[in-house]
Amino acid sequence: MKRLKYLLVYTLPITVYFSFNSTGAMTFIPFIIFFGFVPLLELFLKPDASNFDKETATAEKNNPVYDWVMYLSLPVQLGMLVYFLFVIQETPFGTTEFFGRVSAMGLMCGVLGINVGHELGHRRSRREQLIGEILLLTSLDTHFLPYHNGGHHKDVATPNDAATAKKNQILFTFWITSHFGSYFKAWRLENERLQQQGKSPFSIQNRMIVYSFANIALLGLIFYFFGTHVLIAFIAAAILGIMLLETVNYIEHYGLMRKKTETGTYERVKHHHSWNSDHPIGRLLLFNLSRHSDHHYNGSKKYAVLKSLPQSPQMPTGYPGMMVLALFQPLWFILMNRKLKTLQES
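Residues numbered from 1 in each chain as written. Predicted model: local features only at pLDDT ≥ 70, side-chain atom pairs only at ≥ 80, totals over all residues. Heavy atoms only, no water.

The name given to the chain in an unreviewed UniProt entry is Alkane 1-monooxygenase, and the organism recorded there is Aquimarina mytili. Looking at the chain in UniProt, the text filed under Subcellular location (unreviewed entry) is "Cell inner membrane". Recorded in UniProt for the chain, the comment headed Sequence similarities (unreviewed entry) runs: "Belongs to the fatty acid desaturase type 1 family. AlkB subfamily." (UniProt positions renumbered as here; feature names shortened; annotations may be inferred.)

Let's talk about unusual backbone geometry
A positive phi is found at Leu 140, a non-glycine position, where the angle reads about 55 degrees. Its place among the elements puts Leu 140 in the loop between α7 (126-137) and α8 (144-155). In the Ramachandran plot, Ala 157 falls in the positive-phi region, its phi being about 60 degrees despite a non-glycine side chain. Summarising the element assignment, Ala 157 is placed in the loop between α8 and α9 (171-196). You can call Ala 157 buried: its relative accessible area is 0%. (Helix = DSSP H or I, 4+ residues; strand = E, 2+ residues; numbered from the N terminus. Buried < 20%, exposed > 50% of the residue type's maximum accessible area, 1.4 Å probe, protein only.)

Digging into the nonpolar core
Phe 84, Tyr 250, Ile 251, Tyr 254 and Trp 332 are the most contacted members of the largest nonpolar core, which has 72 residues in total. The contact partners of Tyr 254, leaving out residues within four places of it in the chain, are Ala 165, Lys 166, Lys 167, Asn 168, Gln 169, Trp 275, Trp 332, Phe 333, Met 336, Asn 337 and Leu 340. Membership of the second largest hydrophobic core comes to 12 residues, among which are Ala 163, Ala 186, Met 208 and Tyr 211. (Core = buried A, V, L, I, M, F, W, Y, C linked by side-chain atoms within 4.5 Å. Contact = heavy atoms within 4.5 Å.)

Here you go:
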């Protein structure tokens, strides 16, 4: 039964369904719960830094229960997206209900669309990668995989990585520089990959070309069947999902930089190059994403067996709470710059 604890994330679509069928301020209930109630609750819950022992981790890493919990996100995400398109079609533009329902779908795009797409995009199975690509498509963020796997994991915690927030970098500018920086880098990485294989970048084997056509096709279908009103709502929800992703990127590596070696290259990525949180609710809602140091140390390691290690710098609360804190930039800089100073002195 402990393996099923990650099903907690599916309380999100339940609250989103409630949003789609409510009126007024109650349409914002997913945001109220996940960025209000959850951060408040985690202030009173102790972090859990326990790990599987070596034998248990070996047995658990290939347990199919963890995988099927993630696979379930595909029909849930697609079902909620279709339901959203019909619901928002009947929702007057500019009303409280319109913005509340768009925000609810945006949260789905960020948590189930992008976050689960990220996890499955690291898998070696083409079937799992395809599921990840479809989930990312529902958030119009398909370029994430080429950049994340080929760029971010290589360049993390260096000035070369658009998705690493520098010390004192403003969150609201980071949203732009990280998203568009990673988008253009994804094109470059795909072009270089195909050129190294002796193939033309202008071919169907270029994932960025395929992804671009997929995005255009999805937008075209929504416009054809539902019209401009629904298309705008979907794009707004996707943008919100992307903003949630970029906020997570911001808090994950803020101010952490790798040192250069004598040869001019950067030191290997280590556990102290990512911020972590062992707060239990945030871990479950994001499939252990907050154990981010171990993920960067071994990108192919499955979410259920990621470790918490003493050398990983810890955030004062869970990811949902830290994302809220990041919006209040003066408080964020005071708290996190103080932590950075402590790390540098240790």
